[in-house]
Amino acid sequence: MIDRAAFDDDAHTLTISFRQSTKYVYYDVPAAIFETLCKAASAGTVFNEQIKGHYRCRRDTDRRRYGPGSET
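Before going into details, it helps to say that this report is about the structure given with it. Here the residue numbering is sequential within each chain, running from 1 through the sequence in written order. In keeping with the model being predicted, local features are shown solely for residues with a pLDDT of at least 70 and side-chain atom pairs are shown and tallied solely at 80 or more, while totals for entire chains, interfaces and linings include all residues. With hydrogens and water set aside, each side-chain value is computed from the structure's full complement of heavy atoms.

**Notes on helix 2 (residues 43-51)**
Whether a residue is buried, partly exposed or exposed follows from its accessible area with a 1.4 Å probe, protein chains only, as a fraction of its type maximum: under 20%, in between, or over 50%, in that order. For helices the rule is a DSSP run of H or I covering at least 4 residues; for strands it is a run of E covering at least 2, with both sets numbered from the N terminus onward. All buried positions along helix 2 are accounted for by Gly44, Val46, Phe47 and Ile51. Taken down its axis, helix 2 places every buried residue within 160° of arc, on the same side. Should any heavy atoms of two residues lie within 4.5 Å, those residues are considered in contact. On its buried face, helix 2 sits against strand 1 (2-8), strand 2 (13-18), strand 3 (23-27) and helix 1 (31-39). Once helix 2 finishes, Gly53 follows within two positions and takes phi at roughly 80°, a positive value. The arc in question is the one spanned by the directions pointing from the helix axis to the C-beta atoms.

In structure tokens form, the structure reads like this:
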């Protein structure tokens, strides 16, 4: 489900890239949540239980998509 995650300590933002999908930025996330995500046996479970629906987020529209129907 999750391809990669990155945390910005200064901005308290968590960026999550999803496999076969897109990237989202989550705001005002405590560093402890990111640490839990990194150490978890299942990052998807942590995401669903502790991140999704708990923090304001936006889709990162800067990520380029490739494949059928994508713009060149």
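Moving on, there is more to tell.
**Details of helix 1**
Along helix 1, the residues that are buried comprise Ile33, Phe34 and Leu37. The arc that holds the buried residues of helix 1, viewed along the axis, is 100°, so those residues lie on one side. Elements that come into contact with the buried residues of helix 1 comprise strand 1, strand 2 and helix 2.

**Overview of the environment of Ser42**
Mapped onto the fold, Ser42 is located in the loop between helix 1 and helix 2. For the pair Ser42 and Met1, spaced 41 residues apart in the sequence, the C-alpha separation amounts to 9.7 Å.

**Details of the environment of Ile51**
Turning to its location among the elements, Ile51 is positioned in helix 2. The exposure class of Ile51 is buried, given its relative accessible area of 0%. In sequence terms Ile51 and Val29 are 22 residues apart; their C-alpha atoms lie 8.3 Å from each other.

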